[in-house]
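Remarks on the overall topology
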Amino acid sequence: MHNLTEFLARYKHWFLFVFLEVTSVVLLFRFNDYQGSVWFTSANFVTGKVYELSSNLTSFFTMSKNNEQLTQRNIILEQEVKELSTKLYEKTRDPQFLSRGQYRTLAKFRLIPAKVVANSINREDNLITINKGSWDGVRKDMGVVCGNGIVGTVYFVGIHYSVVIPVLNSKSNISCSISGRNYFGYLRWAGGRSDIAYLDDVPRHARFKIGDRVITSGYSSIFPVGVLVGKVKHVYNSKDGLSFRIAIQLSTDFGTLRDVCLIDDSSILEQRHVIEAARDSMKNLTQDPTSEE
Amino acid sequence: MNTDFLKRFLWASILIILQVFLLNHIHMFGIATPLLYVYFILLFPRNYPQWSAMLWAFAIGLTLDAFNNTPGVTAASLTLIAALQPFAIRPFLSRESSETLIPGMRTLGVFNFIVYIFVLTTIHIFTFFSLEMFSFFNLIEWAECAGASTALTILLILVIEQMRSRI
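Parameters and conventions
Residues numbered from 1 in each chain as written. Chains lettered and ligands numbered in written order. Predicted model: local features only at pLDDT ≥ 70, side-chain atom pairs only at ≥ 80, totals over all residues. Heavy atoms only, no water. Pairing = 2+ DSSP bridges. Helix = DSSP H or I, 4+ residues; strand = E, 2+ residues; numbered from the N terminus. Axes fitted to C-alpha atoms, helices over the stretch in contact; angles between N-to-C directions. Buried < 20%, exposed > 50% of the residue type's maximum accessible area, 1.4 Å probe, protein only. Salt bridge = Lys/Arg side-chain N within 4 Å of Asp/Glu carboxyl O. Core = buried A, V, L, I, M, F, W, Y, C linked by side-chain atoms within 4.5 Å. Contact = heavy atoms within 4.5 Å. Expected span 1.5 Å × (residues − 1). Bend = angle between axes of the 7 residues up to and from the residue. Parallel < 35°, antiparallel > 145°, perpendicular 65-115°, else oblique. Left-handed = near helix turned anticlockwise from the far one by under 90°. Disulfide = S-S within 2.5 Å.

Here's the deal with the sheet that holds strand β3 (residues 143–146) of chain A
Residues and elements named next belong to chain A.
- Taken in spatial order, the six strands line up as β1-β2-β5-β4-β3-β12 and close into a barrel, and their pairing is antiparallel. Strand-to-strand twist of the sheet, defined as the mean angle between neighbouring strand axes without regard to direction, takes the value 45 degrees.
- As paired elements, strand β2 (residues 128–130) and strand β5 (residues 162–166) share three bridges and run antiparallel to each other. Looking at the pairing, T129 lines up with V163 of β5.

Written as structure tokens, this is what we have:
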């Protein structure tokens, strides 16, 4: 007994070492599926607050530049709206057409504006922290967009902050299609440059041009149809030669991301519930074929 | 709560703030990021209680992980070098060395000190990048990032050490 206590006392730091290492490794590997680990990410209150303060400070200094860009964008959009509404009026001869249509699409979504408080683009798995959490109505798997296009999906939800998986993450997997042609594939990122992502699994018979717009397909049950993703930049063959792999110039500049919007769409939620229910019932079928009566 | 603890606490806070707000945003040539916080581990004096050194390393690692969204990665690799630190310093000690010698350019000699920080920094950074890049591992990118970051970190530590010894 004496020997044992002596042994323990002598090597206590090695036990501590093993304990600390095991704790770290557990944290590392459970991060992906363990909701409680929100405390160890930047979605927790302290780190979120610190990042918010620093981001407020930097945004103050870049404000004038942002303002200028927004004003320019506004002018361009206003011109576009004027042009399009005159064209629409010529076609339909109905001055109320536009406002009715807009009201219909807006009623479907609720947009939650949020600010990016922490962001990275240089890692293998980038994550973005935003300053809205469950108190503001944020839920897991909500779509996140910004003025220029797609950003990502909500991953962790804290009380006041959330962590978003942007397109620039190996785990991001968003269903997209080529605008006007309806071929779809999955948007993935291969690391490296922050403005290029790849659309995989596009069928070989698909016809499209370099420069075609790529938008969300609405199949992923996270984004509605038609959120801009980017433009076709280059086409490769997939490794197995069965499909195309399209390099896409992303329209979102993740390096300067500041203001984003979360899409709260009740119909999308319903769609997901149906899909999940269908998947669950399929699972039961494969596990226990006799239960089908 | 003695002065040694408070001093180390302040020093650790400065290193963490510096790392989170400044150094993490540096990517020289798109690959090299200085990880200056290893400096904290390098400065543990000879015969400093090992359990205490490891707890410091773990706490700093966990704080940085919370900011970087890399749970466990920094904590694991920093605790590792805290455990190895006494062994790394042993070969450079002579019989006349003080019992509570603090590793530095003056106490170890410039060349010995460089070897000492090279060994520990390399171990830390290569473990760090191995754990971080788990998802899509690319050998060349891994070696480039880890090598360049190690070089930059060592350079930065030497510059700070030089400045400290002047004062």
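Here we look at unusual backbone geometry
- In this structure, A:D201 is a non-glycine residue whose phi angle is positive, near 65 degrees.
- Within the secondary structure, A:D201 sits in strand β8 (residues 196–203).
- We note that B:N47 has phi near 65 degrees; this positive angle belongs to a residue other than glycine.
- Along the chain, the position of B:N47 falls in the loop between α2 (38–42) and α3 (50–68).
- A relative accessible area of 53% means that B:N47 is categorised as exposed.

Quick look at the pattern of salt bridges
Residue and element names in this part refer to chain A.
- Enumeration over the complete set of coordinates arrives at six salt bridges over all chains.
- Put simply, D125 and K171 hold a salt bridge, and the shortest N to O gap is 3.8 Å. Placement of the pair is D125 in the loop between β1 (109–118) and β2 and K171 in the loop between β5 and β6 (174–178), with a sequence separation of 46 residues.
- The salt bridge involving D195 is made with R193; its shortest N-O contact spans 3.1 Å.
- Connected via shared salt-bridge partners are R188, D200 and R245.

Some details on the nonpolar core
- Counting residues in hydrophobic clusters, the biggest one holds 60 residues, and the most contacted among them are B:F40, B:I41, B:L78, B:Y116, B:I117 and B:F129.
- Sort the elements by how many residues they give to this core and helix α4 (residues 73–89) of chain B lands first, with nine residues.
- Not counting residues within four places of it along the chain, the set of residues in contact with B:I117 comprises B:L42, B:T122, B:I154, B:I157 and B:L158.
- Counting 41 residues, the second largest nonpolar core, distinct from the first, contains A:V138, A:W189, A:I222 and A:F223.

Considerations on helix α3 (residues 45–92) of chain A
- Compared with an ideal rise of 1.5 Å per residue, which puts 48 residues at 70 Å, α3(A) spans 53 Å between its outermost C-alpha atoms and falls more than 12% short.
- A bend of about 55 degrees at A:T62 is the largest found in α3(A).
- For α3(A), every residue scored as buried is listed here: A:T47, A:G48, A:Y51, A:E52, A:S55 and A:S59.
- Check the buried side of α3(A) and you find it contacts β1 of chain A together with α1 (3–21) and α3 of chain B.
- Immediately beyond the C-terminal end of α3(A), within one or two residues, lies A:R93, with a positive phi of roughly 60 degrees.

A few points about the packing of α3(B) against α4(B)
Residues and elements named next belong to chain B.
- Running from N to C, α3 and α4 point in directions that differ by 155 degrees, and their axes come no closer than 7 Å. Taken together, α3 and α4 sit at an angle that is classed as roughly antiparallel. In this structure, α3 meets α4 at a crossing whose hand is right-handed. The segment α3 lies against α4, with Q50, A53, M54, A57, F58, I60, G61, L62, L64 and D65 engaging V73, T74, A75, L78, T79, A82, A83, P86 and F87.

Description of the state of the cysteines
- Inspection of the entire model under this criterion finds zero disulfides over all chains.
- Free of any disulfide, A:C261 has its nearest neighbouring cysteine sulfur in A:C146, separated by 9.4 Å.

Some points on α3(B)
Residue and element names in this part refer to chain B.
- Compared with an ideal rise of 1.5 Å per residue, which puts 19 residues at 27 Å, α3 spans 27 Å between its outermost C-alpha atoms and is within 8% of the ideal.
- The element α3 is extensively covered by neighbouring structure, given that 14 of its 19 residues are classed as buried.
- Positive backbone phi, at 60 degrees, marks N69, one or two positions downstream of α3.

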